Amino acid sequence: MTTNGDDAAKVVPVRHYGRWVGVVVVVVLIAMFVHTLFTRPSFTVLTCSTHHAVRTCQHEWRFGWDYVGRYFTSSEIIDGLLRTLELTIIAMAMGISIGVVIAIMRRSESRLLSSTAWTYTWFFRGTPVLVQLEFWFAFNALYPSMSVGIPFTHVTFFVVNVGTTITAFGSACIAFGLNEGAYFSEIVRAGLLAIDEGQTEAAISIGMTRGQSLRLIVLPQAMRVILPPTGNEVISMLKTTSLASSVGVIELLGAANLISAANYKTIFLLITASLWYLIVTTILSIGQFYLERHFAKGALRNPPPTPIQRVREDLAGIAAKFHTKRFADAGAPR
Amino acid sequence: MSLPMVEALGVHKSYYGVEVLKGVNLTVARGEVSCLIGPSGSGKSTLLRCINHLEKHDKGELRVDGELVGYEAHGDKLYELTDKRICHERSQIGMVFQRFNLFQHLTVLQNITIGQVKVKGVNDDVAKTKARELLARVGLSDKEKHYPSQLSGGQQQRVAIARALAMEPKLMLFDEPTSALDPELVGEVLDVMKDLARSGMTMIVVTHEMNFAREVANTVYFLDSGIIEESGDPRTVLVTPTSARLKLFLSKVL
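J.: What is the right way to look at the overall build of chain A in this model?
T.: A tally of regular secondary structure across chain A gives 13 helices and four strands. What you see for chain A is a C-alpha radius of gyration of 29 Å, clearly larger than the 20 Å of a compact globule of 334 residues, by over 25%. Its C-alpha atoms give chain A principal-axis dimensions of about 100 × 85 × 35 Å. For chain A, buried positions account for 33% of its 334 residues. Partitioning the intrachain contacts of chain A with sequence separation of at least 6 by distance along the chain shows that 63% fall at a separation of at least 24. Carbon together with sulfur atoms contributes 66% to the accessible area of chain A, which is approximately 21,200 Å² in total. Side-chain charges in chain A split into 27 positive and 20 negative, and the spacing between the mean points of these groups amounts to 6 Å.

Dropping the structure here:
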């Protein structure tokens, strides 16, 4: 053997026969599944139509794609989708604000504040969210009116009629928001715990207040830890909002159920709703990727490439390979 | 003689019943460099952190620039200062940590400007100009856009010194500034500190670098189990120690 590059021994990579078999099996299974998606089996309903005096009959799609197509952008479904988005945004905004406050309270040196925060988390994590939803919906039975005034006296400044103020939609926002606050506080706490105590000390040593060091130094770094589970929570909330239909809020899944109650095409409408959930989840996941990249500043020596950058790199790599091959074929000097 | 920069009289500090400082007396004059040496657990870092009020001392009197640290005396009572006042006091005392503690999410330049802008309310451009001057002083002008994780330990510590100096402190505290560094990087940090000492900065340095202490310090304090066992001119104290404990300590570190 020589160490000369030209005569160097050819490297024979290990042949992974087992892996090749696995690939073939998986490819066949995927093909079979995709085939079932786009077939009209004979057990489905036969529908006939007459066009230019020619009568044609056809079985329906297994997955009712024509129904899905018809209802996908129907006004009921779109209204439901908007409701779902509205609920998700309001509940998450509430949950995040409450979560941050509760997490900071947990770290307070005051025993009362920290144990109040603990109890809040204990209660809202410890009871089913559906129960909480029903509870807030029935809130006016417990507290028919609420007023702002001086506690424990008869002095009141203004009174709110709970029954008319807290609508079904409002009670869903409150229920999901308060519940999310409990979970989110733990996410924030994990983020704060992940940041080295030295960062706070350094911030304080240059004269920052506790609040400044939290806001300018600790939280921005904790974001890196907080973001992935937050993405989880938003996506989970998107689907949890479907519970709101139990108190009469017609959101995406509720709208789909209303339609299928009339036409009995339950599965096809569930597919319609699920496709929308998937689309929104996809958009959220993309947003999460870029947010995470933004907050990774300084944490990694080199931030990971975006998918677009990665594709561009791959293309550049292929182009380069093609180029050198042509160059070699043309009889380039050694 | 003018007012000393730091004056400690019988300073005590306990953590959960364990007494870490058992009555420390120390006086650091303006423009002087003092080194605190001693075995680990002897209370060196705690004393330093008390001076900056990162830790509250339990008993005794601690003054920086003539003013009580963390308290205000009215009559015969001591009133705890508000957070705002304590922050203001701290902003005039620079601190350099063993593990640098640079703000990981900010660039080198932002690390040095953030305190000026957010604490002192300095204009952004003025803060940047000052930060660049300081970076030049610690020899890192070409690194201003880097993040801390992209720098070596020695470079990070020099940035940390620049960050502290940006607040224009009247006193600089160093808590084992070279202990976390690879041996070949220690020199660059000590050079910056020597330069700072020559410029007349009052410095208190917790260190294991006996050569630095001998070369730069005006006074060396040897702490052992919470009290100052021996102190004085480093050329005498480190060469001809009188106490048995210091003799033993020096025989181990030299």
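J.: Even after reading the chapter, I still don't get the sheet that holds strand S11 (residues 219-224) of chain B, so can you show me in this structure?
T.: One key point about sheets: their strands pair by backbone hydrogen bonds, in either a parallel or an antiparallel sense. All names here are of chain B. With mixed pairing, six strands are arranged side by side in an open sheet as S8-S9-S10-S3-S11-S12. Each edge of the open sheet is held by one strand with a lone partner, namely strand S8 (93-96) and strand S12 (227-232). For this sheet the average axis-to-axis angle between neighbouring strands, irrespective of direction, equals 15 degrees.

J.: Would you mind going over the state of the cysteines with me for this structure?
T.: Where two cysteines share a covalent bond between their sulfur atoms, that bond is called a disulfide. Counted under the stated rule, the structure contains one disulfide over all chains. Paired by a disulfide, Cys48(A) and Cys57(A) hold their sulfur atoms 1.9 Å apart. One quick way to see it: the torsion about the S-S bond of Cys48(A) and Cys57(A) is about 110 degrees, and its sign makes the bridge right-handed. Take Cys48(A): its relative accessible area is 34%, and that puts it in the partly exposed class. The exposure class of Cys57(A) is partly exposed, given its relative accessible area of 43%. In this structure Cys50(B) is not part of a disulfide, and its nearest cysteine sulfur, from Cys87(B), lies 17 Å away. Overall, the relative accessible area of 0% leaves Cys50(B) in the buried class.

J.: Just to check I follow, could you spell out the interface of chain A and chain B for this structure?
T.: Size of an interface, as often reported, equals the accessible area lost when the parts are brought together. The interface is formed by 21 residues belonging to chain A together with 24 residues belonging to chain B. Buried surface at the junction of chain A and chain B, summed over both partners, amounts to about 2,000 Å²; 60% is from carbon and sulfur atoms. Broken down residue by residue, the surface that chain A buries against chain B is led by Glu201(A), Ser205(A) and Ile206(A), which jointly contribute 27%. At the surface where chain A touches chain B, the tally comes to one salt bridge. Residue Arg49(B) is joined to Glu201(A) by a salt bridge in which the shortest nitrogen-to-oxygen separation is 2.5 Å. Joining chain A to chain B, the criterion identifies six residue pairs in polar contact (both at pLDDT 80 or more). Counting residues per element, the ones that place at least two in the side of chain A that touches chain B are helix H9 (197-205) and helix H10 (210-240) of chain A. Broken down by element, the residue count for the side of chain A that touches chain B peaks at seven residues, all from H9(A). The residue inventory of the side of chain A that touches chain B, partitioned by class, reads nine nonpolar, eight polar and four charged.

J.: Mind showing me how you'd approach the pattern of salt bridges here?
T.: When charged atoms on two side chains of opposite charge get close, those side chains can pair. In the structure shown here, the tally under the stated rule is 19 salt bridges over all chains. If you follow the salt bridges from partner to partner, you end up with Arg106(A), Glu186(A) and Arg189(A) in one network.

J.: Would you explain the packing of aromatic side chains in this entry?
T.: Here the distance between the centres and the angle between the planes together describe a pair of aromatic rings. Residues and elements named next belong to chain A. Inspection of every chain in the model, using the stated rule, returns 13 aromatic pairs over all chains. Residues tryptophan 118 and tryptophan 122 carry aromatic rings whose centres are separated by 6.4 Å and whose planes lie at 10 degrees to one another, so their mutual orientation is stacked. One end of the pair is tryptophan 118 and the other is tryptophan 122, both in helix H4 (residues 111-126) and four residues apart, which spans about a single turn. Residue tryptophan 118 is classed as partly exposed on the basis of its relative accessible area, which comes to 47%. What makes tryptophan 122 exposed here is its relative accessible area of 51%. The interplanar angle of 35 degrees and the centroid separation of 4.9 Å between the aromatic rings of tryptophan 136 and phenylalanine 139 together place this pair among those described as tilted. On the accessibility criterion, phenylalanine 139 (8% relative accessible area) is buried. One aromatic cluster is present, formed by Phe38, Phe63 and Trp65 through successive ring pairs. Note that arginine 40 overlies the ring of tryptophan 61, its terminal NZ or CZ placed 4.2 Å from the centroid. One Lys or Arg, arginine 83, reaches over the ring of phenylalanine 169 and ends 4.3 Å from the middle of that ring.

Conventions we followed
- Residues numbered from 1 in each chain as written.
- Chains lettered and ligands numbered in written order.
- Predicted model: local features only at pLDDT ≥ 70, side-chain atom pairs only at ≥ 80, totals over all residues.
- Heavy atoms only, no water.
- Helix = DSSP H or I, 4+ residues; strand = E, 2+ residues; numbered from the N terminus.
- Rg over C-alpha atoms; globule rule 2.2 N^0.38 Å.
- Buried < 20%, exposed > 50% of the residue type's maximum accessible area, 1.4 Å probe, protein only.
- Contact = heavy atoms within 4.5 Å.
- Areas by Shrake-Rupley, 256 points an atom, 1.4 Å probe, with all protein chains shown as cover.
- Lys, Arg positive; Asp, Glu negative; His and termini not counted.
- Charge placed at Lys NZ, Arg CZ, Asp CG, Glu CD.
- Pairing = 2+ DSSP bridges.
- Axes fitted to C-alpha atoms, helices over the stretch in contact; angles between N-to-C directions.
- Disulfide = S-S within 2.5 Å.
- Buried area = accessible area lost by both parts, 1.4 Å probe.
- Salt bridge = Lys/Arg side-chain N within 4 Å of Asp/Glu carboxyl O.
- Polar contact = N/O pair within 3.5 Å; in protein donor to acceptor, adjacent residues only side chain to side chain.
- Nonpolar A, V, L, I, M, F, W, Y, C, P; charged D, E, K, R; others polar.
- Phe/Tyr/Trp six-rings, centres within 6.5 Å; stacked < 30°, edge-to-face > 60°.
- Lys NZ or Arg CZ within 6 Å of the ring centre and 35° of its normal.

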